[in-house]
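Chain by chain, the residues run as shown.
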Amino acid sequence: MEKKIIKIKGMTCASCVARVEKAITKTEGVSNANVNLANSKATVDFDTSKTSQKDIETSIKNAGYEIVDEDHEKKQREKEEKSLKFKTFTAMILGIPLLYFAMGSHVGLPMLPFVDKHMALIQFILTTPIMIVGYQFFTKGILTLIKTKTATMDTLVAVGTGAAYVYSIYASLMGMHELYYETAGLLIAFILFGRYLEAKAKGKTSEAIKKLMNLAPKTATVIRDEEEKVIPLEQVVTGDIIIVKPGGKIPVDGIVTQGHSSVDESMITGESIPVEKSKGSKVIGATINKTGSFQFRAEKVGDETALAQIIKLVEEAQGSKAPIQKLADTISAYFVPVVVSIAIISSIIWFFFGGFAFALSIFVAVLIIACPCSLGLATPTAIIVGTGIGAEKGILYKNAESLQVSRKIKTIIFDKTGTITHGKPVITDIVSANGTDESKVLELAASIEKQSEHPLAESIVKHAKEQKIGLQKLTNFKSITGKGVEAIIDGKNVFIGNKKLFDDKNTSYQEVETSLKKLEEEGKTAMLLGQENRIIGIIAVADTVKETSKAAIEALNKKGIETVMITGDNRRTAEAIAREVGISKVLAEVMPKDKAENVKKFQDEKKIVAMVGDGINDSPALAQANIGIAVGSGTDVAIESADIVLIKDDLMDVVKAINLSSATMRKIKENLFWAFFYNTLGIPLAAGAIYPFTGILLSPIIAGAAMAFSSVSVVTNSVLLKRAKDRI
């Protein structure tokens, strides 16, 4: 199976989306298709043995739409926006005098006798160019109707304005005074204006992805044939040695081979503090070098870089559909046929009560007011802005569903090691006894542990190096399985290990028993250090809690979300860590293979469950959860089992992901409410349902303006989500 994103030109409403999706899914070999009106893209999953991208694009073209070449997408978008601006300007320039001549006499505005005498001809001259600049409504609308036997927004506009224009020409030739030129001309002018504003607003919704795409430098300085050469980024290959100078952008991902510097990685990870880099350090493409200069070997280029993977992930999320979108899609499928029926029925009824001209006005107003544009934009525009904000903060949603469901999470299960804690044991306490000072305790312990292969030994030796404590020579090193190690240092027997080792050597540790008990209750691993037949100290080692873990758990508890910790560690250690961060429920001594089963137990209680882990050892549990969250992934964003990938190693981003989900869903609901409210209120008014009782009737011109601005308001409301960015 292969996933492709195809850019489409010509979609204007929810009906277009449904039509394109239907055309794609009918293609043999296509398993899934999501079409997004907001960014005009289709995300398609298909079997390459049965079909190809070219076949899918042919299906789209046969449905009446065009394919945009990715390489020239920006140019085509700019060209389209420029064309739309010209058409809007032309229509408005001609529309203003048209409105004056058509309505002026009704409101007492002065009118030249010549104009009054040739009113029909003047209105025809002003309206015809507007109809010409709006030709795409007729070509697309009518052609789509002929090709697919279904109507789109363009079809409704074409039928409505076309009927008004043709009737007005007929009335002019017959010498009749009821003209509707202004209805046809101003409708097209308002709709073009609305589309222009919509295109500008849509551009703002996808600013985040554009920023990501513009991060990569255009060139790279490489060493080839022992010479420095500046080459286009596309020509960099794996293995190239690349030079990065102070203030320069790092072109691709790689490993430092020479030099050192600090690098600003905030544009990728969201981490504001520059990261020190030296030989052997990994560097990420598109990040910015600060003061130093270094060389690195290219490891990942082109589509393999972290930036390319992030862009791909964000694009796929923006192209996917949230479950709430299905409601809008279902309504849109029936909307246009129902509206056309209402327009025909209401115009026939009013024909008998108000005559042909009045019935035509009703017909046009109903068709125009009911175009389902805002309905098709309500969800995808908010999803695009939401996922874009997430990407800026290092929170990557795999799809729109994970963005929607996150706000409903009731239980979050955290893996302990590497998620709540750093995953690396460090010395937390040194207790001295029998007159031995702490530095001597560390010196003897590190000297003997230098020879040990125990996982905790490394942390003791590392701590001694950090404290600049020299190690002593030893002889007769011996490892005692399950108990500890011993050796001869300065002619004395030195040993370090657990209580069993001291019992075997008949060495009392009563002097430090109170300290030992306290350390163990805190969940720390305490190692006793003895010399000859006496205790001389304790070294306690623990996997320390990350700086933001406690604050994140507190924030989640305040939201009423149940927090649970799962670990393979013993219960006492697990409960000590849980107490420190504020988690009340602990699942201890759980094997990795059993973590998914524990997640399922919470799901069996009808809870929406999230699992937070590193995305490696926790893959089955992440996949089992309703929302799998991989934390601290760094540049490895392609974690299959996760629904949300957090680039930073910070649990506060879990809170931010939920907050962003809530804010985005709030915007979607606001958008859908206004889209439904607008159509529910507008259709009866346009159909003249309350006209006999109140005298209120929605004119086609007002209907056109309302329809145009409803789409703009929905897109603008989604863009306003950016204001909440700093509060998330």
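Rules of the game
- The residue count restarts for each chain, going from 1 along the sequence in the order it is written.
- In keeping with the model being predicted, local features are shown solely for residues with a pLDDT of at least 70 and side-chain atom pairs are shown and tallied solely at 80 or more, while totals for entire chains, interfaces and linings include all residues.
- Side-chain figures throughout are based on the complete set of non-hydrogen atoms in the structure, without hydrogens or water.
- Only when DSSP finds a minimum of two bridges between them are two strands counted as paired.
- Each helix corresponds to a stretch of at least 4 residues labelled H or I by DSSP, and each strand to a stretch of at least 2 residues labelled E; elements are numbered beginning at the N terminus.
- Contact criterion: two residues are considered in contact whenever any of their non-hydrogen atoms come within 4.5 Å of each other.
- Simply put, an axis is a line fit to the C-alpha atoms, just over the touching stretch for a helix, and the angle between two N-to-C directions goes from 0 to 180 degrees.
- In this scheme, roughly parallel covers angles under 35 degrees and roughly antiparallel covers those over 145, while 65 to 115 is roughly perpendicular and the rest are oblique.
- In this count, Pro and Cys sit with the nonpolar residues alongside Ala, Val, Leu, Ile, Met, Phe, Trp and Tyr, while Asp, Glu, Lys and Arg are called charged and the others, Gly among them, polar.
- Note that domain bounds follow an automatic or database assignment of domains.
- A pair of aromatic rings is counted whenever rings of Phe, Tyr or Trp (Trp by its six-membered ring) have centres within 6.5 Å, and the orientation is called stacked for planes under 30 degrees apart, edge-to-face for over 60 and tilted otherwise.
- Burial classification: accessible surface area is computed with a 1.4 Å probe over protein chains only, and a residue below 20% of its type maximum counts as buried, one above 50% as exposed, and the rest as partly exposed.
- Comment: the charge-over-ring label is applied if NZ (Lys) or CZ (Arg) is within 6 Å of the ring centre and within 35 degrees of the ring normal.
- Among buried residues, those of type Ala, Val, Leu, Ile, Met, Phe, Trp, Tyr and Cys that are joined through side-chain atoms within 4.5 Å constitute a nonpolar core.
- With the far helix as reference, a near helix turned anticlockwise by less than a right angle produces a left-handed crossing, and one turned clockwise produces a right-handed crossing.
- Just to be clear on terms, a salt bridge is a Lys or Arg side-chain nitrogen sitting within 4 Å of an Asp or Glu carboxyl oxygen.
- Counting of polar contacts relies on pairs of N or O atoms within 3.5 Å, with two restrictions inside protein: one atom must be capable of donating a hydrogen and the other of accepting it, and residues adjacent in sequence are counted only when both atoms are side-chain atoms.

Pairing within the open sheet is antiparallel, and its four strands lie in the order S2-S3-S1-S4. Two strands close off the open sheet at either side, each with one partner strand: strand S2 (30–36) and strand S4 (66–67). Pairing of S2 with strand S3 (residues 41–46) involves six bridges; the strand directions are antiparallel. Within the sheet, the bridge partner assigned to Asn34 lies in S3 and is Thr43. In this fold helix H1 (residues 14–25) packs onto strand S1 (2–9), S2 and S3, with an angle of close to 160° to the strand it touches most, S2. Packed onto the sheet, helix H2 (residues 53–62) meets S1, S2, S3 and S4 and runs at close to 30° relative to S1.

In this section: the environment of Thr330. Within the fold, Thr330 resides in helix H12 (residues 325–369). For the pair Thr330 and Ala18, spaced 312 residues apart in sequence, the C-alpha separation works out to 9.1 Å.

Between helix H24 (residues 652–686) and helix H26 (residues 700–719), the least distance of the axes is 9 Å, while the angle of their chain directions is 175°. Relative to H26, H24 is oriented roughly antiparallel. Where H24 abuts H26, its residues Lys667, Glu670, Asn671 and Tyr678 lie against Ala703, Ala706, Met707, Ser710, Val714, Asn717 and Ser718. The residue inventory of the contact of H24 with H26, partitioned by class, reads five nonpolar, four polar and two charged.

The seven strands lie next to each other as S13-S25-S24-S23-S14-S21-S22, forming an open sheet whose pairing is mixed. Each edge of the sheet is formed by a strand with only one pairing partner; in this case those strands are strand S13 (395–397) and strand S22 (585–587). Averaged over neighbouring strand pairs, the angle between their axes works out to 20° when direction is ignored. As paired strands, strand S14 (residues 411–415) and strand S21 (residues 562–566) are joined by five bridges and run parallel to one another. Bridge pairing in S21 links Asp415 to Ile566. Running over the sheet, helix H21 (residues 571–581) touches S21 and S22 and is turned about 145° from S22.

Looking now at the domain arrangement of the chain. Each domain of the chain was delimited in the assignment, giving domain 1 (2–70), domain 2 (76–209 + 354–382 + 668–722), domain 3 (219–304), domain 4 (385–421 + 546–660) and domain 5 (423–544). Taking only C-alpha atoms into account, the centre of domain 3 sits 32 Å from that of domain 4.

A separate point is unusual backbone geometry. When glycine is set aside, most residues are seen to have a negative phi, and most peptide bonds are trans. One non-glycine residue, Glu226, lies in the positive phi region at around 60°. Along the chain, Glu226 falls in the loop between strand S5 (219–224) and strand S6 (227–232). With phi around 60°, Glu532 is a residue other than glycine that occupies positive phi space. When you line up the elements, Glu532 lands in the loop between strand S19 (525–531) and strand S20 (534–545).

Scanning all chains against the criterion turns up 16 aromatic pairs. Where Tyr100 meets Phe101, the ring centres are 5.9 Å apart and the plane angle is 80°; that geometry is what we call edge-to-face. Under the relative-accessibility criterion, Tyr100 is labelled partly exposed at 31%. We classify Phe101 as buried; its relative accessible area is 19%. An angle of 75° between the planes, with centres 5.6 Å apart, marks the rings of Phe351 and Phe352 as edge-to-face. Seen from the ring of Phe495, Lys505 lies directly overhead, with NZ or CZ sitting 5.2 Å from the centre.

So, about the nonpolar core. One broad rule of soluble globular proteins: the nonpolar side chains tend to lie buried together. Ranked by internal contacts, the top residues of the largest apolar core, which has 75 residues, are Met11, Ile24, Ile412, Phe414 and Val654. Top element by residues in this core is H24. It accounts for ten residues. Filtering out sequence-adjacent residues up to four positions away, Ile24 remains in contact with Val30, Ala33, Val35, Ala42, Val44, Ile56 and Ile60.

The subject of this paragraph is the packing of helix H16 (residues 438–449) against helix H17 (residues 457–466). The interhelical angle for the contact between H16 and H17, taken along N-to-C directions, is 130°, at an axis separation of 9 Å. Classified by the angle between their axes, H16 and H17 sit oblique to one another. Where H16 crosses over H17, the two elements pack in a sense that is left-handed. Within the contact between the two elements, H16 uses Leu442, Ala445, Ala446 and Glu449 and H17 uses Ala457, Ile460, Val461, His463 and Ala464. Residues that form the contact of H16 with H17 fall into these classes: seven nonpolar, one polar and one charged.

With the rule as written, the count across this model stands at 25 salt bridges. Among the ionic pairs, Asp45 bridges to Lys3, the shortest N-O distance being 3.1 Å. Here the residue Asp45 occupies a position in strand S3, and Lys3 occupies one in strand S1, the gap between them amounting to 42 residues. The exposure class assigned to Asp45 is buried, which follows from its relative accessible area of 17%. Look at Lys3 and you get partly exposed, because its relative accessible area is 38%. A salt bridge links Glu520 to Arg572, with the nearest nitrogen and oxygen atoms 3.6 Å apart. Residue Glu520 is found in helix H19 (residues 513–521), and its partner Arg572 is found in helix H21; the two are separated by 52 residues along the sequence. The network of salt bridges with common partners includes Asp429, Lys518, Glu522 and Lys524.

To continue, consider the pairing of S1. Bridge count between S1 and S3: six bridges; the pairing is antiparallel. When the bridges of S3 are listed, Lys3 appears paired with Asp45.

Within strand S23 (residues 609–613), five of the five residues are buried, which leaves it mostly tucked inside the rest of the structure. Burial of the side chains of S23 extends over both faces: Val609, Met611 and Gly613 are buried on one face and Ala610 and Val612 on the other. Bridge count between S14 and S23: four bridges; the pairing is parallel. In the strand pairing of S23, Ile412 is matched with Ala610.

Along the polypeptide, Thr387 turns up in helix H13 (residues 373–392). With a relative accessible area of 3%, Thr387 lands in the buried category. Here the side chain of Thr387 touches Ile384 through a polar contact of 3.2 Å, landing on its backbone oxygen. Apart from the residues within four sequence positions on either side, Thr387 is in contact with Ala317, Gln318, Tyr397 and Leu403.

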